[in-house]
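Chain by chain, the residues run as shown.
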Amino acid sequence: MDSYMTELFQKAWEIARHAYAPYSHFRVGAALLAEDGSIYTGVNVENRSFGLTICAERSAIVQGVSAGQRKFRALAIATPDSSVPVGPCGACRQVISEFMDPQAPVRFGCNDHTYIDTTVGELYPYDSLHDLALNTNS
Ligand code: THU
(Lines give C-alpha, C1' and ligand atoms only; values in the text may rest on other atoms or scores of the structure.)
Protein backbone atom coordinates (compact mmCIF):
# COMPACT_ATOMS: atom_id res chain seq x y z
CA MET A 1 0.00 0.00 0.00
CA ASP A 2 2.66 2.46 1.04
CA SER A 3 4.60 2.40 -2.24
CA TYR A 4 1.63 3.21 -4.44
CA MET A 5 0.48 5.90 -2.01
CA THR A 6 3.97 7.40 -2.18
CA GLU A 7 3.76 7.47 -5.97
CA LEU A 8 0.23 8.86 -5.92
CA PHE A 9 1.22 11.62 -3.50
CA GLN A 10 4.21 12.46 -5.70
CA LYS A 11 1.86 12.85 -8.71
CA ALA A 12 -0.43 15.11 -6.68
CA TRP A 13 2.57 17.17 -5.63
CA GLU A 14 3.85 17.55 -9.20
CA ILE A 15 0.49 18.52 -10.67
CA ALA A 16 -0.18 21.17 -7.99
CA ARG A 17 2.04 23.59 -9.92
CA HIS A 18 -0.67 23.68 -12.59
CA ALA A 19 -3.24 24.98 -10.12
CA TYR A 20 -5.09 28.09 -11.21
CA ALA A 21 -5.26 29.91 -7.87
CA PRO A 22 -4.74 33.66 -8.48
CA TYR A 23 -7.21 34.62 -5.71
CA SER A 24 -6.27 32.34 -2.80
CA HIS A 25 -2.68 31.60 -3.85
CA PHE A 26 -3.39 28.20 -2.36
CA ARG A 27 -2.41 25.53 -4.85
CA VAL A 28 -3.87 22.05 -4.56
CA GLY A 29 -3.05 18.91 -6.55
CA ALA A 30 -4.96 15.65 -6.46
CA ALA A 31 -4.15 12.21 -7.89
CA LEU A 32 -6.53 9.29 -8.19
CA LEU A 33 -5.72 5.64 -8.78
CA ALA A 34 -8.40 4.07 -10.96
CA GLU A 35 -9.52 0.44 -10.86
CA ASP A 36 -7.44 -0.47 -13.92
CA GLY A 37 -4.26 1.11 -12.53
CA SER A 38 -4.48 4.37 -14.47
CA ILE A 39 -3.77 7.58 -12.60
CA TYR A 40 -5.77 10.78 -13.06
CA THR A 41 -4.73 14.14 -11.71
CA GLY A 42 -6.47 17.44 -11.10
CA VAL A 43 -5.86 20.90 -9.69
CA ASN A 44 -8.01 23.62 -8.20
CA VAL A 45 -9.40 25.98 -10.82
CA GLU A 46 -10.53 29.24 -9.28
CA ASN A 47 -12.84 31.83 -10.73
CA ARG A 48 -13.27 35.53 -10.08
CA SER A 49 -16.83 34.77 -8.99
CA PHE A 50 -15.20 32.70 -6.17
CA GLY A 51 -18.24 30.46 -5.84
CA LEU A 52 -17.50 28.69 -9.11
CA THR A 53 -14.09 27.48 -7.95
CA ILE A 54 -13.50 23.80 -8.62
CA CYS A 55 -11.38 21.93 -6.09
CA ALA A 56 -8.50 19.70 -7.13
CA GLU A 57 -10.26 16.55 -5.94
CA ARG A 58 -13.35 17.11 -8.07
CA SER A 59 -11.17 18.19 -10.95
CA ALA A 60 -9.33 14.83 -10.82
CA ILE A 61 -12.60 12.90 -10.56
CA VAL A 62 -13.98 14.71 -13.60
CA GLN A 63 -10.82 13.82 -15.54
CA GLY A 64 -11.14 10.16 -14.66
CA VAL A 65 -14.86 9.84 -15.24
CA SER A 66 -14.53 11.67 -18.56
CA ALA A 67 -11.95 9.05 -19.57
CA GLY A 68 -14.46 6.29 -18.84
CA GLN A 69 -13.52 5.37 -15.26
CA ARG A 70 -16.24 4.69 -12.71
CA LYS A 71 -14.30 3.53 -9.66
CA PHE A 72 -11.18 4.82 -7.94
CA ARG A 73 -9.07 2.86 -5.47
CA ALA A 74 -6.98 5.57 -3.80
CA LEU A 75 -6.63 9.34 -3.56
CA ALA A 76 -3.72 11.64 -2.72
CA ILE A 77 -3.90 15.38 -2.18
CA ALA A 78 -0.98 17.82 -2.00
CA THR A 79 -1.18 21.37 -0.64
CA PRO A 80 2.28 22.86 -1.17
CA ASP A 81 1.21 26.29 0.12
CA SER A 82 0.11 24.96 3.49
CA SER A 83 2.16 24.10 6.57
CA VAL A 84 -0.51 21.65 7.74
CA PRO A 85 -2.10 18.81 5.77
CA VAL A 86 -5.45 19.93 4.33
CA GLY A 87 -8.17 17.37 3.73
CA PRO A 88 -10.94 17.62 1.15
CA CYS A 89 -13.78 20.10 1.65
CA GLY A 90 -17.28 18.88 2.48
CA ALA A 91 -18.56 19.13 -1.08
CA CYS A 92 -15.62 17.07 -2.34
CA ARG A 93 -16.15 14.41 0.32
CA GLN A 94 -19.66 13.88 -1.02
CA VAL A 95 -18.43 13.64 -4.62
CA ILE A 96 -15.50 11.39 -3.64
CA SER A 97 -17.93 9.02 -1.94
CA GLU A 98 -19.80 8.62 -5.23
CA PHE A 99 -16.82 6.92 -6.89
CA MET A 100 -14.80 5.42 -4.04
CA ASP A 101 -15.49 2.78 -1.41
CA PRO A 102 -15.36 3.68 2.29
CA GLN A 103 -12.25 1.49 2.73
CA ALA A 104 -10.28 3.32 0.02
CA PRO A 105 -7.09 4.99 1.29
CA VAL A 106 -6.66 8.77 1.19
CA ARG A 107 -3.39 10.62 1.87
CA PHE A 108 -3.11 14.37 2.20
CA GLY A 109 0.10 16.24 2.81
CA CYS A 110 1.59 19.71 2.94
CA ASN A 111 4.71 21.73 2.24
CA ASP A 112 7.11 19.84 4.51
CA HIS A 113 5.78 16.58 2.99
CA THR A 114 4.20 15.49 6.28
CA TYR A 115 0.94 13.74 5.58
CA ILE A 116 -2.12 12.16 7.08
CA ASP A 117 -3.29 8.72 5.99
CA THR A 118 -7.00 8.06 6.30
CA THR A 119 -9.88 6.51 4.36
CA VAL A 120 -12.92 7.72 2.47
CA GLY A 121 -15.13 6.28 5.22
CA GLU A 122 -13.29 8.18 7.95
CA LEU A 123 -13.60 11.41 6.01
CA TYR A 124 -17.26 10.82 5.22
CA PRO A 125 -18.87 8.53 7.80
CA TYR A 126 -22.50 7.39 8.00
CA ASP A 127 -22.83 7.58 4.23
CA SER A 128 -26.03 5.55 4.08
CA LEU A 129 -26.82 6.66 0.55
CA HIS A 130 -23.64 4.92 -0.61
CA ASP A 131 -25.18 1.55 0.26
CA LEU A 132 -28.55 2.50 -1.18
CA ALA A 133 -27.17 3.67 -4.54
CA LEU A 134 -28.81 1.53 -7.19
CA ASN A 135 -26.32 1.95 -10.00
CA THR A 136 -23.19 4.07 -10.16
CA ASN A 137 -21.94 2.47 -13.37
CA SER A 138 -24.09 4.26 -15.91
N1 THU B 1 -9.16 23.59 -2.32
C2 THU B 1 -9.02 22.42 -3.00
O3 THU B 1 -8.82 22.42 -4.22
N4 THU B 1 -9.10 21.26 -2.31
C5 THU B 1 -9.16 21.17 -0.96
O6 THU B 1 -9.15 20.09 -0.43
C7 THU B 1 -9.25 22.40 -0.15
C8 THU B 1 -9.46 23.64 -0.91
C9 THU B 1 -8.98 24.84 -3.05
C10 THU B 1 -10.19 25.67 -3.27
C11 THU B 1 -9.59 27.05 -3.42
O12 THU B 1 -9.16 27.22 -4.75
C13 THU B 1 -8.35 27.02 -2.54
O14 THU B 1 -8.07 25.65 -2.32
C15 THU B 1 -8.52 27.73 -1.22
O16 THU B 1 -9.59 27.25 -0.50
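So, here is what we can say about the structure in this document. (Residues numbered from 1 in each chain as written. Predicted model: local features only at pLDDT ≥ 70, side-chain atom pairs only at ≥ 80, totals over all residues. Heavy atoms only, no water.)

1. Quick look at the pattern of salt bridges
One side chain can pair with another of opposite charge once the charged atoms of both are near each other.
Now for step 1: With the rule as written, the count across this model stands at five salt bridges.
Now for step 2: Linking aspartate 117 and arginine 107 is a salt bridge whose minimum nitrogen-to-oxygen distance equals 2.7 Å. With aspartate 117 in strand 5 (residues 115-119) and arginine 107 in strand 4 (residues 105-110), the pair connects residues that are 10 residues apart, well separated along the chain.
Now for step 3: Taken together, the shared-partner salt bridges connect Glu35, Lys71, Arg73 and Asp101 into one network. (Salt bridge = Lys/Arg side-chain N within 4 Å of Asp/Glu carboxyl O. Helix = DSSP H or I, 4+ residues; strand = E, 2+ residues; numbered from the N terminus.)

2. A closer look at the environment of glutamate 35
Now for step 1: With respect to the secondary-structure elements, glutamate 35 resides in the loop between strand 1 (29-34) and strand 2 (39-43).
Now for step 2: With 33 residues separating them in the primary sequence, glutamate 35 and glycine 68 have C-alpha atoms 11 Å apart.
Now for step 3: Apart from residues no more than four positions distant in its own chain, glutamate 35 is found in contact with Gln69, Lys71 and Arg73.
Now for step 4: Side-chain polar atoms of glutamate 35 contact the side chain of arginine 73, separated by 2.8 Å. (Contact = heavy atoms within 4.5 Å. Polar contact = N/O pair within 3.5 Å; in protein donor to acceptor, adjacent residues only side chain to side chain.)

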